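Given next are the chains, with one letter for each unit.
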Amino acid sequence: MVKRKVKKKSKRKTLKEKNNLIRSRASRAKKLKKLAKKFPGLKRPPKDPGIPNKLPYKFALLEEIQKEKESRTHGIKKYQDNSTEPTFTVQNTTKSKNPSLAKLKHFREVINMSDIIVEVLDARDPLGTRCVNLERKIHELFPDKKLILLLNKADLVPRKNIEKWLKYLRRELPTFIFASPRIEKNSSKFLTANMIGKQSLMTLFENYLSHLGSDSHLNVGLIGIFNVGKTSVINGLKNERVLGVGSSPGVTLNRAEVQLTDRITLIDSPGIPLSDTLMETELAIRNCKNVTDIKDPISVVEVILTRCDHENLLQIYKIPDFDDVGTLLLNVARKKGIMEGENEDIEATARIIIKDWLGGVIPIITKPPSTTDA
């Protein structure tokens, strides 16, 4: 019996498959072209082939290169040890590639231009977000400028607690409270029903204007560390979203001016760059560092535990009682189903708790130093 020859399946692709391949390649090339325009240094440099093994004196050459590297790093370290932290009086920072120096330049411009300087504090932790050294420096360099404190996010704190803070802070400087209004859906307008403190601030500005004269103009500069809500205060006073806001630190990079009335201008400033000597936990708790960039999120959660109520955590996450940070993270990970393979993802859970702390899900209430626990 003669065997039939089995016809081999053709490897030729259909026209539809060919067109799909052409389209996918074209879209990929388009994406890469866009990325290359947006990030010019995105292309990988050619790989260094290194020193060939057959080259004579290869090991001696490698030792020489290593010594040169060590001497270069030693020189950089020596320079860093001798250099001082940038002070308040920063000059010639326009050409500097250091973002902190550039922010300080814009910050100094805001101080120079302002008649009234408003230091915005977080009402949940006023002392943790206050810069006392900066206040002293402003009083020394600009004794004629009026400096006031503004407790923002007052709607997140009980009224009795706010009153205690006002009493404590008003011993040193004039202090006001503010709460940014909520925004309407599909609109840039705000709901003014839940706004707090706008009228008192406007009265202050108008009284100051009356002392300056009828033809005078008032510049009000807002300063403060990252994420205390300087831009939100400006949007609330304007009753419109005129400046972009965000929960991540460093959204405001430059000085921005907003015309509140014909005679009043509000000036927004970047967040005050904090000292590099501060621990990562302190920067993270003050929302001065992105949550994704935190190297040890578990230690940050340990600090959060010392500053919040134990019972609140049990109610928020609906978990059983815990004794330490490890048990808390395990309970939250199991409750939310945050797993890495078969085990609980502890680091991811810690980052979620930090986000909840910064976002106001976990209540933060601090008491003035003069008060005692009931």
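Right, let's walk through the structure included here.

What counts and what doesn't
Residues numbered from 1 in each chain as written. Predicted model: local features only at pLDDT ≥ 70, side-chain atom pairs only at ≥ 80, totals over all residues. Heavy atoms only, no water. Helix = DSSP H or I, 4+ residues; strand = E, 2+ residues; numbered from the N terminus. Buried < 20%, exposed > 50% of the residue type's maximum accessible area, 1.4 Å probe, protein only. Contact = heavy atoms within 4.5 Å. Areas by Shrake-Rupley, 256 points an atom, 1.4 Å probe, with all protein chains shown as cover. Patch = residues over 30% accessible without salt bridge, like charges linked within 9 Å, V, L, I, M, F, W, Y side chains within 5 Å. Salt bridge = Lys/Arg side-chain N within 4 Å of Asp/Glu carboxyl O. Lys, Arg positive; Asp, Glu negative; His and termini not counted. Charge placed at Lys NZ, Arg CZ, Asp CG, Glu CD. Axes fitted to C-alpha atoms, helices over the stretch in contact; angles between N-to-C directions. Parallel < 35°, antiparallel > 145°, perpendicular 65-115°, else oblique. Nonpolar A, V, L, I, M, F, W, Y, C, P; charged D, E, K, R; others polar. Pairing = 2+ DSSP bridges. Core = buried A, V, L, I, M, F, W, Y, C linked by side-chain atoms within 4.5 Å. Arc of directions from axis to C-beta. Right-handed = clockwise from strand over helix to strand, strands pointing away.

If you tally the helices and strands in the protein, you get 12 helices and 10 strands. Relative to its full complement of 374 residues, the protein shows a buried share of 36%. Restricting to contacts in the protein with at least 6 residues of sequence separation, those with at least 24 account for 62%. When the accessible surface of the protein is summed, it comes to about 25,100 Å², and 52% of that surface belongs to carbon and sulfur atoms.

So, on to a negative patch on the surface. A grouping of Asp-296, Glu-302, Asp-309, Glu-311, Asp-321, Asp-323 and Asp-324 is seen on the molecular surface, where their side chains present a negatively charged patch. With relative accessibility at 40%, the residue Asp-324 sits in the partly exposed group.

Before going further, it helps to examine the side chain of Glu-135. Take Glu-135: it is sitting in helix α4 (residues 132-141). Leave out the neighbours within four places in its chain, and Glu-135 touches Glu-119, Arg-130, Leu-147, Leu-149 and Leu-173.

What follows is about helix α7 (residues 230-238). Since there are 3.6 residues in each turn of an α-helix, residues three or four apart along the chain are aligned in direction. The buried fraction of α7 is high, at seven of nine residues. Within α7, the full set of buried residues consists of Lys-230, Thr-231, Val-233, Ile-234, Asn-235, Gly-236 and Leu-237. The first or second residue beyond α7 is Asn-239, which carries a positive phi of 60°.

Turning next to the side chain of Asn-152. Note that Asn-152 resides in strand β2 (residues 146-152). Residue class for Asn-152 comes out buried when judged on its relative accessible area of 2%. Once you skip the residues sitting within four places of it in the chain, Asn-152 turns out to touch Val-120, Leu-121, Asp-122, Ala-123, Phe-178, Ala-179, Ser-180, Val-228, Gly-229 and Val-233.

Where helix α9 (residues 297-307) meets helix α11 (residues 325-336), the axes come as close as 10 Å, and the angle between the chain directions of the two elements is 105°. By the angle class used here, α9 and α11 are roughly perpendicular. Along its contact with α9, which presents Ile-298, Val-301, Glu-302 and Leu-305, the element α11 presents Val-325, Leu-328 and Leu-329. Among the residues making up the contact of α9 with α11, the classes are represented as six nonpolar, no polar and one charged.

A few words on the sheet that holds strand β8 (residues 264-268). Reading across from one edge, β3-β2-β1-β6-β8-β7 is the order of the six strands in this open sheet, with mixed pairing throughout. The outermost strands of the open sheet, each flanked by one partner alone, are β3 (175-177) and β7 (256-259). Between one strand axis and the next, the sheet turns by 25° as a mean value, whatever way the strands run.

Counting 53 residues, the largest nonpolar core has Val-118, Leu-150, Leu-201, Phe-205, Val-220, Ile-223 and Leu-237 as the members making the most contacts within it. With residues up to four places along the chain from it excluded, the contact list for Leu-201 reads Ile-148, Leu-150, Phe-176, Phe-178 and Leu-237.

Below, the discussion takes up the pattern of salt bridges. On inspection of all chains with the given rule, the structure shows six salt bridges. With its nearest N and O atoms 3.5 Å apart, the salt bridge here joins Arg-159 to Glu-163. Remark: Glu-163 and Arg-159 occur in helix α5 (residues 159-169); sequence separation between them is four residues, near one turn of the helix. For Glu-163, a relative accessible area of 42% corresponds to the partly exposed category. Put simply, Arg-351 and Glu-347 hold a salt bridge, and the shortest N to O gap is 3.7 Å. Residue Arg-351 and its partner Glu-347 are located together in helix α12 (residues 346-359), separated by four residues, close to a single helical turn.

A few words on α4. What α4 keeps buried is the set Leu-134, Glu-135 and Ile-138. Viewed end-on, α4 has its buried residues packed into an arc of 105°, placing them on one side of the element. Across α4 from its buried face, at more than 90 degrees, point the exposed residues Asn-133, Arg-136 and Glu-140.

Once that is clear, we can look at the pairing of β2. When you tally the buried positions in β2, you get six out of seven residues, the bulk of the element. Sheet topology note: the strand β1 (residues 116-122)/β2 ladder contains seven bridges and is parallel. For Glu-119, the partnering residue across the bridge sits in β2 and is Leu-149. As a crossover connection, the stretch from β1 through α4 into β2 is right-handed. With three bridges connecting them, β2 and β3 associate as parallel partners. Counted as the bridge partner of Leu-150 is Phe-176 from β3.

A word on the pairing of β8. The buried count for β8 comes to five of five residues, which makes it a mostly enclosed element. Of the two faces of β8, the one carrying Ile-264, Leu-266 and Asp-268 and the one carrying Thr-265 and Ile-267 are both buried. Pairing geometry for strand β6 (residues 218-223) and β8, over five bridges, is parallel. Residue pairing across strands places Val-220 opposite Leu-266, the latter belonging to β8. Where β7 meets β8, four bridges bridge the pair, whose relative direction is antiparallel. Counterpart to Val-258 in the pairing with β8 is Leu-266.

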